[in-house]
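What the coordinates show
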Amino acid sequence: MSTAGVADPVATVVNDLSLHVATANGSGSQTSNMVLLRALFQMGIPVSGKNLFPSNIQGLPTWFTIRVSKDGWIARKRDSDVLVCMNPDTVDEDVATARPGAALIYEETLNQQSKRPDCIHYPVPFKKLIAECCPDLKLRKLVVNMLYVGVLSHLLGIEMAELKKALNRQLHGKQKAIDINVPALEHGAKWAAEHMKKRDPFRVQRMDANKGRIVVEGNAAAAMGFLFGGVTVVPWYPITPSSSLCESLEEYLTEYRTDADGKRSFCVIQAEDEIAAAGMLTGAGWAGARTVTATSGPGVSLMNEILGLAYFAEIPFVIANVQRTGPSTGLPTRTMQGDLLTMIYASHGDTKHIVLIPSDPKEAFEMATESLNVAEEFQTPVFLMLDLDLGMNYWMSDRFEYPKAPITRGKLMTREKLEQLKGAWGRYADVDGDGVAWRTLPGTDHPAAAYFTRGTGHTPDAKYSEKPEHWKGNMDRLARKFQTAKGRVPKPVVTSKGSKTGLLYYGTTHEAVREAAASLEDKHGRKLDLCRVRAFPFTKEVEDFIASHDRVYVVDNNRDGQMAMVLRAEVPTCGPKVRSVLHYDGMPITAATIVEQFLAQEKA
């Protein structure tokens, strides 16, 4: 073992590290990495796990980062403290990007010691060890990764009992797979105990910080929310990174919406493309189903024409947009907040859509349910804005609460209500002054019930019209309905420190902003007020936050500062006080990025 150029650690760093694992796609590393993540979580230590995987074929490089933080910071950390390099094709690059003082674990035959004398090296004979503990040649490539889990168990102090518990959970019901992985886990730990001299400062130890919390992906959380929200029709077309949402939703619906005789009370259908899926959404929404699909940016682009129809004809449905990096095919397995403008102004003509913006799995669960309610209350398409970071990565989250509020379906004309009117009613008439008309559903047993709708110019009674006053009146009513929605959508979360400088942000930038704000206060003496936007249209609280601050830094995970653009368009009083903090390399944003850009602009 080489330790040249590396001094003995001056202090032990406990429960504060970033672990970065580099492997090859399809090598079984996901099991190993999830065992590590779950074991640390079971030890009561705050953690998060982020995948970085290829978008094409098996065998290409894949990475997994685990953030361990006793202070509860779970955003991505820019620099890794411990690197496990299992992929010979990327080992030179992985080692080159290591920060000085990082601990490097790799196959000993790769000979990396001389390349980074400023790091701590732990060469391990993985090839030799896997031959000793796994006699089956075909299985070795799938089991070898469990060796590094064992090595890390000894090196970092991860409890073996928790690793075995996590392994059993990860491979639940697959006893043969468990039986071949346990020897590799134990063998790696045994070898490390006998041959490794610890030279790095990083360790973990049991805490009690995770009571009432779970580890879950955002797509699964949203799928559960749609289930509880009463969804019955799910037309979809696969696209990364949204596919797992509909796959999970179908599993939940099959389990909980199938009668004892095998009869299903739901419909999940894979359409031929996103255009067809949007058409099915519109038909199902018109027919009275609570309906949802999941897609990503290219899918939303294809749905634009039908979105215009549903907006103008006033048909409710929900689109969960799990954003990825674009334009074009872009980086399908990287994250971005690049579809904000697309969602808000999707389609042609004068359209504006309601967008709900969760920041964590618990909010994804809650807002998924709420989006179905909002869609029906306002008779319009609603977007649930997710992204790959939230949708496909593993987040520590508070447990979800069983929804207690009843499902709301908005202004529905029943047979009894139609009888009371004693005459015709206007499908698009604003009788309440809030812009929201009353509707009926197909099958309403009354001669005055309207079973049709219009995507062309129409009167308040839904009769075809090209008269200017009818068109303008209808568009004004839709704008009035949108203003009403400001009082219904989720309000922002505002944290005040009494500062005249604010940070405004949304979605998965939340964890990085929290950490950045704490760092700016602790290390630079800069207190900032925070405003986390959770929906569009903007509520009065967002407008008040901007009005009450001299400078407002808007954090956008996209190149063009799309949230700042929307704020300037929708809140004209913003003026020059809005400034942008931008991040758009496809990776989740870090606290360091926010701190650096904020300080640079404050000095300018």
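Everything that follows concerns the structure shown earlier in this document.
Quick look at the structure, then.

Reading guide: rules and limits
- Residues numbered from 1 in each chain as written.
- Predicted model: local features only at pLDDT ≥ 70, side-chain atom pairs only at ≥ 80, totals over all residues.
- Heavy atoms only, no water.
- Pairing = 2+ DSSP bridges.
- Helix = DSSP H or I, 4+ residues; strand = E, 2+ residues; numbered from the N terminus.
- Axes fitted to C-alpha atoms, helices over the stretch in contact; angles between N-to-C directions.
- 1 Å grid on protein atoms, 1.4 Å probe; cavity = no way out; pocket = protein on both sides within 12 Å on 5 of 7 lines; lining within 4 Å.
- Points joined across faces, edges and corners; volume = space filled by probe spheres on them.
- Nonpolar A, V, L, I, M, F, W, Y, C, P; charged D, E, K, R; others polar.
- Expected span 1.5 Å × (residues − 1).
- Buried < 20%, exposed > 50% of the residue type's maximum accessible area, 1.4 Å probe, protein only.
- Polar contact = N/O pair within 3.5 Å; in protein donor to acceptor, adjacent residues only side chain to side chain.
- Parallel < 35°, antiparallel > 145°, perpendicular 65-115°, else oblique.
- Left-handed = near helix turned anticlockwise from the far one by under 90°.
- Contact = heavy atoms within 4.5 Å.
- Salt bridge = Lys/Arg side-chain N within 4 Å of Asp/Glu carboxyl O.
- Phe/Tyr/Trp six-rings, centres within 6.5 Å; stacked < 30°, edge-to-face > 60°.
- Lys NZ or Arg CZ within 6 Å of the ring centre and 35° of its normal.
- Core = buried A, V, L, I, M, F, W, Y, C linked by side-chain atoms within 4.5 Å.
- Right-handed = clockwise from strand over helix to strand, strands pointing away.

1. Here's the deal with the sheet that holds strand β21 (residues 551-556)
Sheet architecture is open: five strands sit in the order β17-β19-β18-β21-β22, paired in mixed fashion. Edge strands, defined here as strands with exactly one partner in the open sheet, are β17 (493-495) and β22 (578-582). Sheet twist, expressed as the mean angle between neighbouring strand axes with direction ignored, is 20°. Here four bridges tie strand β18 (residues 501-506) to β21, and the two strands are oriented parallel to one another.

2. Here we look at empty space enclosed by the protein
By the definition in use, this model includes five cavities of 30 Å³ or more. If you add up the space inside the largest cavity, you get close to 110 Å³. Around the largest cavity, the lining comprises 14 residues; the ones closest to its centre are Trp-286, Arg-427, Arg-439, Thr-440 and Thr-453. Of the residues that constitute the lining of the largest cavity, the class distribution is eight nonpolar, three polar and three charged. A volume near 60 Å³ is recorded for the second largest cavity. Of the residues forming the lining of the second largest cavity, the biggest block, four residues, is contributed by helix α16 (residues 468-485). When its residues are assigned to classes, the lining of the second largest cavity shows six nonpolar, two polar and two charged.

3. Observations concerning helix α1 (residues 29-42)
Relative to the 20 Å expected for 14 residues at 1.5 Å per residue, α1 spans 20 Å between its end C-alpha atoms, a close match to the ideal helical length. A large share of α1 lies buried, amounting to twelve of its 14 residues. Every buried residue belonging to α1 is among Ser-29, Ser-32, Asn-33, Met-34, Val-35, Leu-36, Leu-37, Arg-38, Ala-39, Leu-40, Phe-41 and Gln-42, and all of these are buried. Downstream of α1 by one or two residues, Gly-44 has phi in the positive range, about 80°.

4. Topic: the side chain of Gln-323
Within the secondary structure layout, Gln-323 lies in strand β13 (residues 317-323). A polar contact of 2.9 Å, which involves the side chain of Gln-323, links it to the backbone nitrogen of Asp-339.

5. Side note on the sheet that holds strand β20 (residues 535-536)
In a beta sheet, neighbouring strands pair by backbone hydrogen bonds and run either parallel or antiparallel. Spatially, five strands are ordered β12-β13-β15-β14-β20 in an open sheet, and the strand pairing comes out mixed. If you trace the sheet from one side to the other, it starts and ends with β12 (292-295) and β20, each paired once. Two strands pair when backbone bridges link them, and strand β14 (residues 354-356) and strand β15 (residues 381-387) are joined in this way by three bridges, in the parallel orientation. By the bridge assignment for β15, Val-355 is matched with Phe-383.

6. Some details on the packing of helix α9 (residues 274-287) against helix α11 (residues 304-313)
It is the contact of α9 with α11, at a shortest axis distance of 9 Å, that shows an interaxial angle of 15°. Taken together, the axes of α9 and α11 lie roughly parallel to each other. Of the two possible hands of crossing, α9 and α11 adopt the one that is left-handed. Of the residues in α11, those in contact with Ile-275, Ala-278, Gly-279 and Thr-282 of α9 are Ile-306, Leu-309 and Ala-310. Split into classes, the residues belonging to the contact of α9 with α11 amount to five nonpolar, two polar and no charged.

7. Regarding the pattern of salt bridges
Going through the model one piece at a time under the given rule, you end up with 42 salt bridges. Glu-570 is the salt-bridge partner of Lys-352, the closest N and O atoms lying 3.0 Å from each other. You can see Lys-352 sitting in the loop between α12 (340-344) and β14 and its partner Glu-570 sitting in helix α19 (residues 562-570), a full 218 residues away along the chain. A single salt-bridge network, built from bridges that share partners, covers Arg-290, Glu-376, Arg-409 and Arg-439.

8. Some thoughts on the packing of aromatic side chains
Following the criterion strictly, the structure yields seven aromatic pairs and no others. An aromatic cluster is present here, built from Phe-228, Phe-365, Phe-400 and Tyr-402 joined pairwise through their rings. The positively charged end of Lys-50 is found above the aromatic ring belonging to Trp-395, 4.4 Å away from the centroid.

9. Considerations on the nonpolar core
One finds Leu-152, Ile-158, Phe-226, Leu-504 and Leu-567 to be the most contacted residues of the largest nonpolar core, which totals 143 residues. For this core, the element with the highest residue contribution is helix α4 (residues 137-157), accounting for ten residues. Look past the residues within four positions of Phe-226 in its chain and what remains in contact with it is Val-231, Leu-245, Leu-249, Val-292, Val-318, Ala-320, Ala-368, Ser-371, Leu-372 and Leu-384. The next biggest cluster of nonpolar side chains, apart from the first, holds 19 residues, and it includes Tyr-505, Leu-530, Val-581 and Phe-598.

10. Some thoughts on the pairing of β22
As judged from the five bridges shared by β21 and β22, these two strands associate in the parallel manner. Across the sheet, the residue bridging to Tyr-553 is Arg-579, located in β22. Viewed along the sheet, the connection from β21 through α19 into β22 turns out right-handed.

11. Some words on the side chain of Gln-379
Looking at the element boundaries, Gln-379 is found in the loop between α13 (361-378) and β15. A polar contact of 3.0 Å, which involves the side chain of Gln-379, links it to the side chain of Arg-427. If sequence neighbours within four positions are ignored, Gln-379 has contacts with Glu-314, Ile-315, Pro-316, Val-374, Lys-411, Arg-427, Val-436, Ala-437, Trp-438, Arg-439 and Lys-481.

Don't take any of this as a statement about function, it's just geometry.
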